[in-house]
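Chain and residue survey
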Amino acid sequence: MQLQDKVALITGASRGIGKAIALRMAREGASIAAVYAGNHEAAQKTAEEIQSLGVKVKTYACDVSDFAATGELVKAVLADFGQVDILVNNAGITRDGLLLSMKEEDFDDVLNTNLKGAFHLTRHLYSHFMRKRRGRIINISSVVGLHGNAGQANYAAAKAGLIGLTKSTAKELAGRSVTCNAIAPGYIESDMTAAIPEKAREAILASIPAKKPGNPEDVAALAAFLAGDSASYITGEVIRVDGGMGM
Ligand code: NDP
């Protein structure tokens, strides 16, 4: 139980990759502050699954794109749990479309949730981590942030931005024993990828050397490792979980 007595604040924890990370960290003994946007039913179900593992869990509905709301969220989590040891910035959305016709609001929504959301939580927990002299920040980027993707300029920009945010955070906080790393998943089965049309899905699968999609648990295993003491000398890294897609 490498995360015993640790508290993990995980955004987008109601479904998909965030849920898998929450369950995996709970299995390692961590208490879980599970943040979600508005899907109360999914969040409740996730909380019940986490609770059955015997750790403390609380759910928080909060829009990560809202600076003031995330400030209140952090205050509430610190009041409920007393500390935060691990921050996982996982909440994300897509608003795909070619640049030719991309609406400004679709660009802004994706940047505000996927990139600014991570800034907001990092900013509000920064001094807490500094004072503790220990912390783990894990940002969920994407292979699309490394390579770009036609039809996802907004998403790719946000995910590439997350990599810059990760490295800068890592440099600022390394001296305080706070690490910050990014995970770049490839094609992972979730509600997000279920929306991809069959033809496009076939093309993506053909581009993966492993010839299969990844599971949320594949990402969760790496997140749990990065959150633990064994990863204390790893910071500012971007690690792909993509079945070889980026080779
Ligand atoms: P899902 O669509 O399955 O889940 C998204 C999660 O984010 C939900 O918990 C949702 O909450 C939450 N969320 C969305 N918007 C907000 C917001 N404004 N504030 C707070 N929470 C929010 O996505 P995945 O699990 O597939 O993806 C998780 C992360 O991994 C994302 O950042 C995504 O970009 C990234 N990723 C995913 C890949 C994949 O192939 N699936 C590949 C590479 C990266 P609610 O349930 O309340 O709506």
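Scroll up a little and you will see the structure.
In this text the structure is predicted, and so the values were computed from the model without any measurement. (Residues numbered from 1 in each chain as written. Predicted model: local features only at pLDDT ≥ 70, side-chain atom pairs only at ≥ 80, totals over all residues. Heavy atoms only, no water.)

Side note on the pairing of strand 4 (residues 86-89)
Side-chain positions along a regular strand alternate between the two faces of the sheet. Both faces of strand 4 are covered, namely the face carrying Ile86 and Val88 and the face carrying Leu87 and Asn89. Strand direction decides the pairing type here: strand 1 (residues 7-11) and strand 4, joined by 3 bridges, are parallel. Bridge pairing in strand 4 links leucine 9 to leucine 87. The pairing of strand 4 with strand 5 (residues 135-140) spans 4 bridges and is parallel. The residue bridging asparagine 89 from the neighbouring strand is asparagine 139, located in strand 5. Between the parallel elements strand 4 and strand 5, the chain passes through helix 4 (residues 104-132) in a crossover that is right-handed. (Buried < 20%, exposed > 50% of the residue type's maximum accessible area, 1.4 Å probe, protein only. Helix = DSSP H or I, 4+ residues; strand = E, 2+ residues; numbered from the N terminus. Pairing = 2+ DSSP bridges. Right-handed = clockwise from strand over helix to strand, strands pointing away.)

Focus on helix 2 (residues 40-51)
Taking 1.5 Å per residue as the helical rise, helix 2 with its 12 residues ought to reach 16 Å, and the 16 Å between its terminal C-alpha atoms agrees with that figure. Of the positions making up helix 2, those classed as buried are Ala42, Ala43, Thr46, Ala47 and Ile50. Buried residues along helix 2 cover an arc of 135° about the axis, so they all sit on one side. Structural note: helix 2 exposes His40, Glu41 and Gln51 on the side pointing more than 90 degrees away from its buried face. Looking at the buried side of helix 2, the elements it contacts are helix 1 (16-27), strand 2 (31-36) and strand 3 (57-61). (Expected span 1.5 Å × (residues − 1). Arc of directions from axis to C-beta. Contact = heavy atoms within 4.5 Å.)

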